[in-house]
Amino acid sequence: MTPGKKLEGLVAATVTPMTPDGQINLSVIHKYVDYLVSEQNVKNVFVNGTTGEGLSLNIQERKQLAEEWVCQGKEKLDHVIIHVGALSLPESQELARHAAAIGASGIAVIAPFFFKPTNKNELTAFLQKVASEAPAVPFYYYHIPSLTGVKIRVEELLGGIKEQIPTFQGVKFSDTDLLDLAQCINKNEREQFAFLYGVDEQLLSALAIGADGAVGSTYNYLGRKTNLMLQAFAKPDLALAQKYQFLTGEFLNFVSKLGFGVAQTKAVITFVSGIPMGPPRLPLVDVSEEFIIKAKDKLDSIVWPDGD
Ligand SMILES: CC(=O)N[C@H](C=O)[C@@H](O)[C@H](O)[C@H](O)CO
Ligand SMILES: CC(=O)C(=O)O
């Protein structure tokens, strides 16, 4: 891992591999790291988040997964970010201390979503109590209002945040409100905070407004293609960048009509990587064989600009 390096580019939101009987399967994480680096050209991971079913795991499982990712990623990955958000403040604090102790490169926290903070001060107070348990670890707020129901705008949250949370380093922004994202970037010089976008099908629009990179589930299997989009955007070759966004979007548009979530993501990574990611945990249910056939056919049918 590379301490101090700014988080940018692509970050894969990892799935949690499980055995057919629903136990976490640590044994394949070693292969998963090698696959991301060599096949997808992705060197950052976000562990135990939405895609990782972090909120469906117990504390012990979350710690074991964090340890395995940090250990396997030590020589191979740039950043291993551990999501430590929880409904219970002491549990979140315990996970933050644990992430610090094992040498994670960052921690992230979602807004508590049963009893919800109703304003910026309440949310900041919660985040501060978690962040201060890991005083040397970069802290990221994970904004995902579609799932948490906490709609406090990030632009508002960021005002004065560094004074309250000295380790504050950036935001994983999983919302379609690009006005909010733009105002965040406009007010908080990019050198100071990292803004990682989390709606993969719209990443190009977020890059145009100044996002530093992206955290998402699709970079597990479309990482190499999305990296080519980032390169085209940087060149700049906007037409080529658009072509990549159109094509990744074509796949996501197709599967979203079939019903697309974490279970489906696990199935797609399994057939693309050959690494068995297993079923999701209830309340999520495993995919049908029909989904796998259709998704695979769709992915195989796409003709990419790089000739693949
Ligand atoms: C709700 C959700 O899981 N969002 C992910 C990250 O934030 C995304 O990576 C999506 O999985 C992706 O954009 C596909 O819709
Ligand atoms: C997408 C993402 O960052 C997550 O699964 O948590």
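Residues numbered from 1 in each chain as written. Chains lettered and ligands numbered in written order. Predicted model: local features only at pLDDT ≥ 70, side-chain atom pairs only at ≥ 80, totals over all residues. Heavy atoms only, no water.

The name given to the chain in an unreviewed UniProt entry is N-acetylneuraminate lyase, with Athene cunicularia as the source organism. Under the heading Subunit (unreviewed entry), UniProt records this for the chain: "Homotetramer." Within the UniProt record for the chain, the comment given under Subcellular location (unreviewed entry) is "Cytoplasm". (UniProt positions renumbered as here; feature names shortened; annotations may be inferred.)

Enquirer: I keep staring at the pairing of strand E3 (residues 79-83) and nothing clicks. Help me out?
Expert: Regular strands place their side chains on alternate faces of the sheet. Counting buried positions over the 5 residues of E3 gives 5, a clear majority of the element. What you see with E3 is no split at all: His-79, Ile-81 and His-83 on one side and Val-80 and Ile-82 on the other are buried throughout. Inspection of the sheet shows strand E2 (residues 44-47) paired to E3 by 4 bridges, in the parallel sense. When the sheet's bridge partners are listed, Phe-46 is paired in E3 with Ile-81. In this region the chain leaves E2, passes through helix H2 (residues 59-73) and returns to the parallel neighbour E3; the handedness of that crossover is right-handed. (Buried < 20%, exposed > 50% of the residue type's maximum accessible area, 1.4 Å probe, protein only. Helix = DSSP H or I, 4+ residues; strand = E, 2+ residues; numbered from the N terminus. Pairing = 2+ DSSP bridges. Right-handed = clockwise from strand over helix to strand, strands pointing away.)

Enquirer: Explanation requested: the site of ligand 2 in the structure shown.
Expert: In the region of ligand 2, the neighbouring residues are Ala-13, Phe-46, Gly-49, Thr-50, Thr-51, Tyr-142, Lys-172, Val-215 and Gly-216. Here Thr-51 contributes a side-chain N or O atom positioned 2.6 Å from an oxygen atom of ligand 2. Protein contacts shield 93% of the accessible area of ligand 2, which totals 210 Å² for the unbound molecule. With respect to the detected pockets, ligand 2 is housed in the largest pocket. Here the residues of the shell around ligand 2 are counted per class, giving 4 nonpolar, 4 polar and 1 charged. (Near = heavy atom within 4 Å. Polar contact = N/O pair within 3.5 Å; in protein donor to acceptor, adjacent residues only side chain to side chain. Areas by Shrake-Rupley, 256 points an atom, 1.4 Å probe, with all protein chains shown as cover. 1 Å grid on protein atoms, 1.4 Å probe; cavity = no way out; pocket = protein on both sides within 12 Å on 5 of 7 lines; lining within 4 Å. Sits in = over half its atoms within 2 Å of the grid points. Nonpolar A, V, L, I, M, F, W, Y, C, P; charged D, E, K, R; others polar.)

Enquirer: Quick question: what am I supposed to make of the sheet that holds strand E5 (residues 139-143) here?
Expert: Whether parallel or antiparallel, the strands of a sheet pair through hydrogen bonds between backbone atoms. Taken in spatial order, the 8 strands close into a barrel running E1-E2-E3-E4-E5-E6-E7-E8, and their pairing is parallel. Averaged over all neighbouring strand pairs, the angle between strand axes comes to 25 degrees, with direction disregarded. (Axes fitted to C-alpha atoms, helices over the stretch in contact; angles between N-to-C directions.)

Enquirer: I tried to follow the side chain of Glu-68 on my own but got confused; where do I start?
Expert: Its location among the elements puts Glu-68 in helix H2. Lacking a salt bridge, the buried Glu-68 has Lys-76 as its closest oppositely charged neighbour, with an N-O distance of 9.9 Å. (Lys, Arg positive; Asp, Glu negative; His and termini not counted. Salt bridge = Lys/Arg side-chain N within 4 Å of Asp/Glu carboxyl O.)

Enquirer: It is not clear to me how the site of ligand 1 should be interpreted in this structure. Could you clarify?
Expert: Residues in close proximity to ligand 1 include Thr-50, Tyr-142, Ile-144, Lys-172, Ser-174, Gly-198, Val-199, Asp-200, Glu-201, Gly-216 and Ser-217, which together make up its full environment. Measuring from an oxygen atom of ligand 1, one finds a side-chain N or O atom of Ser-174 at 2.8 Å. A per-class count over the shell around ligand 1 returns 3 nonpolar, 5 polar and 3 charged.

Enquirer: Honestly, the layout of surface pockets in this entry has me stumped. Any pointers?
Expert: It is a probe the size of a water molecule, rolled over the atoms, that shows where empty space is left. Of the pockets and cavities examined, the largest pocket occupies roughly 1100 Å³. At the level of secondary structure, the elements contributing two or more residues to the lining of the largest pocket comprise helix H5 (145-148), strand E8 (213-216), helix H11 (238-258) and helix H12 (262-273). Examining the composition of the lining of the largest pocket, we find that 4 residues originate from one element, H11, more than from any other. In terms of residue class, the lining of the largest pocket is made up of 15 nonpolar, 19 polar and 5 charged. (Points joined across faces, edges and corners; volume = space filled by probe spheres on them.)

Enquirer: So what exactly am I meant to see when it comes to H11 here?
Expert: At 3.6 residues per turn, the α-helix brings residues three or four places apart onto the same side. For H11, which comprises 21 residues, the first-to-last C-alpha distance of 30 Å matches the rise-based estimate of 30 Å (1.5 Å per residue) to within 8%. Burial in H11 covers these residues: Ala-241, Tyr-244, Gln-245, Leu-247, Thr-248, Gly-249, Phe-251, Leu-252 and Val-255. The elements touched by buried residues of H11 are helix H9 (203-209), helix H10 (223-234), H12 and helix H13 (289-301). Following H11 by one or two positions, Gly-259 adopts a phi angle in the positive range, close to 100 degrees. (Expected span 1.5 Å × (residues − 1). Contact = heavy atoms within 4.5 Å.)

Enquirer: Please explain the packing of aromatic side chains as it appears in this structure.
Expert: One pair of aromatic rings is described through two measures. These are the centre distance and the angle between the planes. Under the defined criterion, the tally for this structure stands at 9 aromatic pairs. Aromatic pair Phe-139 and Phe-168: ring centres 6.2 Å apart, planes at 45 degrees, arrangement tilted. With Phe-139 in strand E5 and Phe-168 in strand E6 (residues 168-173), this pair connects stretches of sequence that are 29 residues apart. On the basis of relative accessible area, Phe-168 is assigned to the buried category, the value being 0%. On the numbers, 6.3 Å between centres and 20 degrees between planes, the contact of Tyr-244 with Trp-304 is stacked. Here Trp-304 lies in the segment after H13 and Tyr-244 lies in helix H11, a separation of 60 residues in the sequence. As far as burial versus exposure is concerned, Tyr-244 and Trp-304 are alike and both buried. Connected via pairs of aromatic rings, a cluster forms that spans Phe-139, Phe-168 and Phe-193. Across the ring face of Phe-46, the terminal group of Lys-172 is positioned such that the distance to the ring centre comes to 5.9 Å. (Phe/Tyr/Trp six-rings, centres within 6.5 Å; stacked < 30°, edge-to-face > 60°. Lys NZ or Arg CZ within 6 Å of the ring centre and 35° of its normal.)

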